[in-house]
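An overview of the molecular structure
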Amino acid sequence: MTTQAHSIVRETVKPEYTRYTSANGKRPDGADFGVDGWLFVLPGETLGGVRIPQAMYAAFQVSERGALFWRVREVGGGRA
């Protein structure tokens with residue numbers, strides 16, 4: 001029996017988190033990123049020969065049914 005290994009090559013990035021608020025001007029454009037939150041970058045990687053580029057994400061809290069939940073969205077695009 002032969003097994004096939006999937007290729008995973010990850011880039012190394014130093015984790016950096018940037019706080020954004022309605023007052024500091026670092027909030028991403030658009031209404032979908034909450035009032036304040038954190039920006040961070042996920043490294044790019046190659047999975048099975050498919051290149052997924054590095055991307056920036058925003059983590060923020062939203063209120064749903066009286067409770068706070070964390071939500072994460074990509075800033076400026078759609079990552080597969």
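In every chain, residue numbers begin from 1 and rise along the written sequence. Local features in this predicted model are restricted to residues of pLDDT 70 or higher, and side-chain atom pairs are both shown and tallied only at a pLDDT of 80 or more, whereas totals for entire chains, interfaces and linings draw on every residue. In computing side-chain values, all of the structure's heavy atoms are included and hydrogens and water are not.

Details of the pairing of strand β3 (residues 37–42)
Put simply, side chains in a regular strand alternate between the two faces of the sheet. Spelled out, the test is: Two strands pair if DSSP finds at least two bridges between them. Secondary structure elements follow DSSP: runs of H or I of four or more residues count as helices, runs of E of two or more count as strands, with numbering from the N terminus.
Note: strand β2 (residues 17–20) against β3, four bridges, orientation antiparallel. The residue bridging tyrosine 20 from the neighbouring strand is glycine 37, located in β3. Both β3 and strand β6 (residues 55–64) contribute to a ladder of six bridges, which runs antiparallel. Counted as the bridge partner of phenylalanine 40 is tyrosine 57 from β6.

A short note on the pattern of salt bridges
As a reminder of what qualifies: By salt bridge we mean one thing: a side-chain nitrogen of Lys or Arg within 4 Å of a carboxyl oxygen of Asp or Glu. For every residue, the accessible area (1.4 Å probe, protein chains only) is compared with the maximum for its type, and the residue is labelled buried under 20%, exposed over 50%, or partly exposed between those bounds.
The tally for this structure, following the rule as stated, stands at three salt bridges. A salt bridge links aspartate 36 to arginine 19; its shortest N-O distance comes to 3.3 Å. Of the two residues, aspartate 36 is situated in the loop between β2 and β3 and arginine 19 in strand β2; the sequence distance between them amounts to 17 residues. Given the relative accessible area of 35%, arginine 19 is considered partly exposed. The salt bridge partner of glutamate 64 is arginine 71, with a shortest N-O separation of 2.4 Å. Overall, glutamate 64 belongs to the partly exposed group, its relative accessible area being 27%. Accessibility expressed as a relative area gives 35% for arginine 71, which makes it partly exposed.

Section: the nonpolar core
The test is simple: Put simply, buried Ala, Val, Leu, Ile, Met, Phe, Trp, Tyr and Cys residues joined by side-chain atoms within 4.5 Å make one nonpolar core.
Counting six residues, the largest nonpolar core is built from Tyr20, Phe33, Leu39, Ala58, Phe60 and Val62. Counting residues per element, this core draws most heavily on β6, which supplies three residues.

Re a nonpolar patch on the surface
To keep things clear, this is the line we draw: Patch criteria: residues need more than 30% relative accessible area and no salt bridge. Like-charged residues are merged within 9 Å; nonpolar side chains of Val, Leu, Ile, Met, Phe, Trp and Tyr are merged within 5 Å. All accessible-area figures derive from a Shrake-Rupley calculation using a 1.4 Å probe, and residue coverage is judged against the displayed protein chains alone.
A cluster of nonpolar side chains, namely Tyr17, Trp38 and Trp70, defines an oily patch on the protein surface of about 400 Å² accessible area. Looking at the secondary structure, you find tryptophan 70 in strand β7 (residues 67–74).

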